[in-house]
Amino acid sequence: MNIFHNTFFAMGTRFDVVIPGEEIAMCESVYSQIQQKTLGLEAKLSYYDPQSTVSRINREAEIKPLRIDEQAYRAISIALNYHRLTNGAFDICKAALKHGIEANAAVSTKDSALGIVLNQNNQTIYFRWPGLKIDLGGIGKGLAMESAKNILAQAGIQNALLSFGESSVLALGKHPKGDCWKVGIPNANDPHNFLHQFQLRDEALSTSGNLHRNDDGSVTEIDHIIDPETNLLVKKNKLVSVRSASPLEAEVLSTALFVVGEDGAEKIASNFKQMWYVFLG
Amino acid sequence: MNHIINRRKFIGNVSALGLATTLPWMSPFSMASNLKSPSNLVKVGFIGVGSRGRTLLLHMQQTEGVEIAAVCDNYEPNYQRAIKLTNSKAKAYYDYRELLENKELDAVVIATPLHEHAHITIDSLNAGLHVFCEKAMAMTVEDCMAMVEASKSNGKILQIGHQRMFDPMYHKAMEMLDAKQLGSINQIRAFWHRNNDWRRPVPTPELERKINWRLYREYSLGLMTELASHHIQVANWVYGEAPIAVSGFGSINHWKDGREVYDNVNLVYKYPNGKHFVYDSMISNKHYGLEVQVMGHKGTLEMETGNYFSENPPPAPGIMQLLNDIEKDMFEIIPIGGASWVPETANGKGGEKYYEKKKGASDGTDYQLHAFAHFIRENKTDDKYLREGYNSSMATVMGDIAMRENRLVEIPEEYRM
């Protein structure tokens, strides 16, 4: 059986695409579309690239309303909608604090996201409070996975497994020898033991945590998610996995639930119909 | 005492670098023989003790089992300096022909201006001496060939000074290339840029051509023989063969001070199977410095700085397991999930330092002299060292012809060693 596989660098991590049982030439073309779309999103949404739309927003949106491209506008609108639905736990303004930017009044105020003014008619963004910054790192991978899902659907590919940095997995259809894809979340310190096992079919799984397991087996702790309540990096060593039909939703909610922890999770989850989560470790 | 420390340090370095496996004669066993016993002592004469000659002499003084028994230079300041550097222990000569009469000697190191390499090398080999000659070999292919022939007919070693062949950083890269880590390599680019007039101070005007010999066609082919020959050697080494054609352009654009050699050169060498080596050198801009970029379909090496860039990231281990499972018709749980994978390097594009060169670490110059002494003691060498030296010098000369005659130069089979 043909198995297509390839990997590319994007958004500071790697994107693996596995497509079994399809013509390789078609897979190559689909892979290339996924790569282009993902890198295109990165070029617009990157906090680090000075040429990106986000960098331009962070420099100029506090001066006057700034007209921006459709992709960035859509990403910010979606992010603000999730901000509301997660009761503030998912916050693209607070996320910028992880870059060590000065915790000025605008960013550290309780609901800094209210300082963002979008105008749909003109497709503009304006920061009501000077000093505000945004970071879309928490939604970029989800948006890329969502486009990848659409690209695969348009090509008529029913079975595929996509992994974006291993924290986000999209399992379409089934494994050639099964009726789903079987995925286990490894214990970072004991990879032969699974903390939890999933049987996924046409579903996404996103996991948030701060223990990075390197390919050589070593484990590094990298705290990278800001708690909007405290304006500090979340330091608890735990994992939360969210499964959902929508890769975007899974991505955003795993970050939000990681922030609020087990106690606050149910309140957020009640705003969403088709998701399931589990805290691990 | 000093010697003991140096030797320990040397052995430590060599085994730590893994050089002992790629250069077997560097194993501690070859070091263990009593290098100070008279029968093992290699007596060397230095012909040409200018800038490069002095560097080689200082390195040779640190090489165990070698005595610098003679020095020669026909330029008074260099002559006097050589005597001082050797604490008057080496016999000093103005004329190399007199040095060759010295029956004590086993070998000579030749670091004269380029136009003197060929006849001094041949005379030395004919005098029964082993020769270490600085690159490039000579100014014509015929001279390069005659040097090789003299080595063969006299049964004496001729080694050309290409220190990259002995540089641990280059050896690490060659290991990666041997393991096919870069996949198919179809292009190598190298450049050597400086921003200075490439002149040396001249005490009195009549010494201009003697001191600044690199600037005049009677004595040198300029950037090609003095710089490019190193990177051409590396390209030949990586491809494992010599080029079959070359074309290029050379100009004097910036330093119009009466010099006769180009200050700006661009060349393309073609190798068998259509592989290319693109080279350029200039001395009116130093922004890009020097580099050798080996470009394979799986990755890129920057050989002067020890960087490797993967074209693609390594697949996630869980994905690798999945692919194996599917091939074997197995349906197992794959381990995947956790915080996002991050590349081990900060740039996020797979760049990694495969070799960290410490400040003051060897660039191979000391190792190549150590090797030369060892080969003399064993009275044998590996043909590959002279082949690399010859093919590099030959290609250097052919590149100059292409630029000077403004044409594509095919390199005949009999020119390729």
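Since we're looking at a predicted model, the values are computed, not measured.

Caption draft 1: How the structure looks around the sheet that holds strand 13 (residues 307-310) of chain B. Residue and element names in this part refer to chain B. What the nine strands build is an open sheet, ordered 15-13-12-11-7-10-9-8-16; its pairing is mixed. The open sheet terminates on both sides in strands that have one partner only, identified here as strand 15 (351-353) and strand 16 (409-410). Bridging between strand 7 (residues 185-193) and strand 11 (residues 290-296) involves seven bridges; their strand directions are antiparallel. Looking at the pairing, Gln187 lines up with Met295 of strand 11. Packed on one face of the sheet, helix 11 (residues 223-239) meets strand 7, strand 9 (264-270), strand 10 (276-282) and strand 11 and runs near 160° to strand 7. Contacts from helix 14 (residues 383-405) reach strand 8 (245-251), strand 9 and strand 16 within the one sheet, and its direction differs from that of strand 8 by about 60°.

Caption draft 2: Region of interest: empty space enclosed by the protein. Residues and elements named next belong to chain B. On inspection of all chains with the given rule, the structure shows two cavities of 30 Å³ or more. Roughly 30 Å³ of internal volume is contained in the second largest cavity. Taken together, Trp198, Arg199, Arg200, Ile211, Asn212, Arg214 and Leu215 make up the full set of residues lining the second largest cavity. Its residues assigned to classes, the lining of the second largest cavity comprises three nonpolar, one polar and three charged.

Caption draft 3: Up close: the nonpolar core. Membership of the largest hydrophobic core comes to 112 residues, with the highest contact counts inside it found for Phe46, Met137, Val294, Leu301 and Met303 of chain B. Both domain 1 (2-163 + 364-381) and domain 2 (168-312 + 347-362 + 392-415) of chain B contribute no fewer than three residues apiece to this core. Setting aside anything within four residues of it in sequence, one finds Val294 of chain B in contact with Leu177, Leu182, Ile185, Gln187, Ile188, Val238, Gly299, Thr300, Leu301 and Met303 of chain B. Judged by nonpolar contacts, the second largest core, of 75 residues, contains Val54, Ala79, Leu97 and Ile125 of chain A.

Caption draft 4: Structural view of helix 9 (residues 168-178) of chain B. All names here are of chain B. With eight of eleven residues buried, helix 9 is to be regarded as a mostly interior element. Within helix 9, the full set of buried residues consists of Pro168, Met169, Tyr170, His171, Ala173, Met174, Met176 and Leu177. Regarding helix 9, its N-cap is Asp167, as a side-chain oxygen of that residue lies 2.9 Å from the backbone nitrogen of Met169 further along. A positive backbone phi angle near 60° is found at Lys180, which sits one or two residues after helix 9.

Caption draft 5: Focus on unusual backbone geometry. All names here are of chain B. Cis geometry marks the peptide bond from Lys135 to Ala136, where omega comes out at -15°. On the secondary structure map, Ala136 appears in the loop between strand 5 (130-134) and helix 8 (141-154). A positive phi is found at Asn273, a non-glycine position, where the angle reads about 65°. Relative to the helices and strands, Asn273 is located in the loop between strand 9 and strand 10. Given a relative accessible area of 72%, Asn273 falls into the exposed group. With a phi close to 55°, Asn406 is a non-glycine residue in the positive phi region. Here Asn406 is to be found in the loop between helix 14 and strand 16. Of the residues examined, Asn406 reaches a relative accessible area of 54% and is grouped as exposed.

Cut-offs used in this document
Residues numbered from 1 in each chain as written. Chains lettered and ligands numbered in written order. Predicted model: local features only at pLDDT ≥ 70, side-chain atom pairs only at ≥ 80, totals over all residues. Heavy atoms only, no water. Pairing = 2+ DSSP bridges. Helix = DSSP H or I, 4+ residues; strand = E, 2+ residues; numbered from the N terminus. Contact = heavy atoms within 4.5 Å. Axes fitted to C-alpha atoms, helices over the stretch in contact; angles between N-to-C directions. 1 Å grid on protein atoms, 1.4 Å probe; cavity = no way out; pocket = protein on both sides within 12 Å on 5 of 7 lines; lining within 4 Å. Points joined across faces, edges and corners; volume = space filled by probe spheres on them. Nonpolar A, V, L, I, M, F, W, Y, C, P; charged D, E, K, R; others polar. Core = buried A, V, L, I, M, F, W, Y, C linked by side-chain atoms within 4.5 Å. Buried < 20%, exposed > 50% of the residue type's maximum accessible area, 1.4 Å probe, protein only. Domains from an automatic or database assignment. Polar contact = N/O pair within 3.5 Å; in protein donor to acceptor, adjacent residues only side chain to side chain.

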